[in-house]
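Here is what each chain is made of, one letter per residue.
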Amino acid sequence: MTPGATASAAAEKICTLAPVVPVLVVHDPAHAEPLARALVAGGLPALEVTLRTPAAIEVIEEMSKVEGGVVGAGTILTPTDAADAKTAGAKFAVSPGATDLLLDSCEAVELPLLPGVSSASEAMRLLERGYTVQKFFPAEAAGGAKFLKSLSSPLPQIRFCPTGGVSLSNARDYLSLPNTLCVGGSWVAPQDLVDAGDWDGITALAREASQLA
């Protein structure tokens, strides 16, 4: 099995834990543990913490302590990102695109990567390296569910996690497709509820999302 195939096998297990992977931009490490607990309690155990804030690595460390959670790092761009995320306890990584350097780096530290694609050529190139599980990004801007459905016939061996513009209103459009494992979305942890510490409200949103499949 190639490193890419190994990574995709691990990614598939994570993507099938629930229909939605929360995409989280967390600014305050103090929010990490209660936010993770709220989402896991609502039935969403796979958590993507994007590396878009200075607190992200610390947030991954704190969320990794929450029982039942499977924490990953999103917006992975560089070898340093991959190494730091792995050290912090990330179980998977997600990237908006894919370069050979990034793929090699994640494979080197054995961090399963969900690499981003927005075209058939990108998807085929990753398939050549064994990546059969990929992120479709930015999903809505890149053609939405109709585009993703069009890839299912010529590329049936690839399955996707569409992210970018996915919401409660359109998630089922993607989840109904044969080549969609799950979707990524930020609507389950809106910033206003996080800031207010309304963890029960976030659990309610997570529970609703967990029933989408």
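Starting afresh in each chain, residues are numbered from 1 along the sequence in its written order. In keeping with the predicted nature of the model, local features appear solely for residues at pLDDT of at least 70, side-chain atom pairs appear and are counted solely at 80 or more, and the whole-chain, interface and lining totals rest on all residues. For side-chain calculations, the full set of non-hydrogen atoms in the structure is used, while hydrogens and water are omitted.

Looking up the protein chain in an unreviewed UniProt entry gives the name 2-dehydro-3-deoxy-phosphogluconate aldolase, with the organism given as Aliiroseovarius salicola. UniProt lists a comment for the protein chain under the heading Catalytic activity (unreviewed entry), and it reads "2-dehydro-3-deoxy-6-phospho-D-gluconate = D-glyceraldehyde 3-phosphate + pyruvate". A UniProt comment under Pathway (unreviewed entry) is attached to the protein chain, and it reads "Carbohydrate acid metabolism; 2-dehydro-3-deoxy-D-gluconate degradation; D-glyceraldehyde 3-phosphate and pyruvate from 2-dehydro-3-deoxy-D-gluconate: step 2/2." UniProt positions are given in the numbering used here, feature names are shortened, and annotations may be inferred rather than shown by experiment.

On to the environment of Thr50, then. Every helix listed is a DSSP run of H or I at least four residues long, and every strand listed is a run of E at least two residues long, numbered separately from the N terminus. With respect to the secondary-structure elements, Thr50 resides in strand β2 (residues 46-50). Only protein chains enter the calculation, and the probe is 1.4 Å; a residue is then buried if its accessible area is under 20% of its type maximum, exposed if over 50%, and partly exposed in between. Classification of Thr50 by relative accessible area gives buried; the value is 0%. In this structure, the C-alpha to C-alpha distance between Thr50 and Thr87, residues 37 residues apart in sequence, is 15 Å. If sequence neighbours within four positions are ignored, Thr50 has contacts with Val23, Leu24, Val25, Ala56, Gly74 and Thr75. In this description, contact between two residues means that some pair of their heavy atoms is separated by no more than 4.5 Å.

In terms of residue burial, strand β3 (residues 70-74) counts as a mostly covered element, since four of its five residues are buried. The parallel pair β2 and β3, bridged by helix α3 (residues 56-63), forms a crossover whose chirality is right-handed. Any two strands between which DSSP finds at least two bridges are classified as paired. Across two bridges, β3 lies against strand β4 (residues 92-94) in parallel orientation. In the strand pairing of β4, Ala73 is matched with Ala93. Crossover handedness for the path β3 to helix α4 (residues 79-88) to β4: right-handed. Every crossover in which the path from the first strand over the helix to the second runs clockwise, viewed with the strands pointing away from the viewer, is termed right-handed.

Okay, the pairing of β2 next. Counting buried residues along β2, five of its five residues qualify, which places the element largely inside the surrounding structure. By the alternation rule, side chains of β2 split into Ala46, Glu48 and Thr50 and Leu47 and Val49, which are all buried. With two bridges connecting them, strand β1 (residues 20-24) and β2 associate as parallel partners. Looking at β2, one finds that Leu24 is bridged to Val49.

All right, on to the packing of α3 against α4 then. Taken N-terminus to C-terminus, the directions of α3 and α4 make an angle of 30°; their axes are 8 Å apart at the nearest point. It follows from the interaxial angle that α3 and α4 lie roughly parallel. Viewed along their axes, α3 and α4 form a crossing whose handedness is right-handed. Residues Ile57, Ile60 and Glu61 of α3 form the contact with α4, whose own contacting residues are Asp84, Ala85 and Ala88. In this classification, the charged set is Asp, Glu, Lys and Arg, the nonpolar set is Ala, Val, Leu, Ile, Met, Phe, Trp, Tyr, Cys and Pro, and all remaining amino acids, among them Gly, are polar. Looking at side-chain class alone, the contact of α3 with α4 contains four nonpolar, no polar and two charged residues. Axes here refer to lines fitted to C-alpha atoms; in helices the fit is confined to the stretch in contact. Angles between the N-to-C directions go from 0 to 180 degrees. For classification purposes, an angle smaller than 35 degrees is called roughly parallel, one larger than 145 roughly antiparallel, one from 65 to 115 roughly perpendicular, and anything else oblique. We call a crossing left-handed when the near helix sits turned anticlockwise from the far one by less than a right angle, and right-handed when that turn is clockwise.

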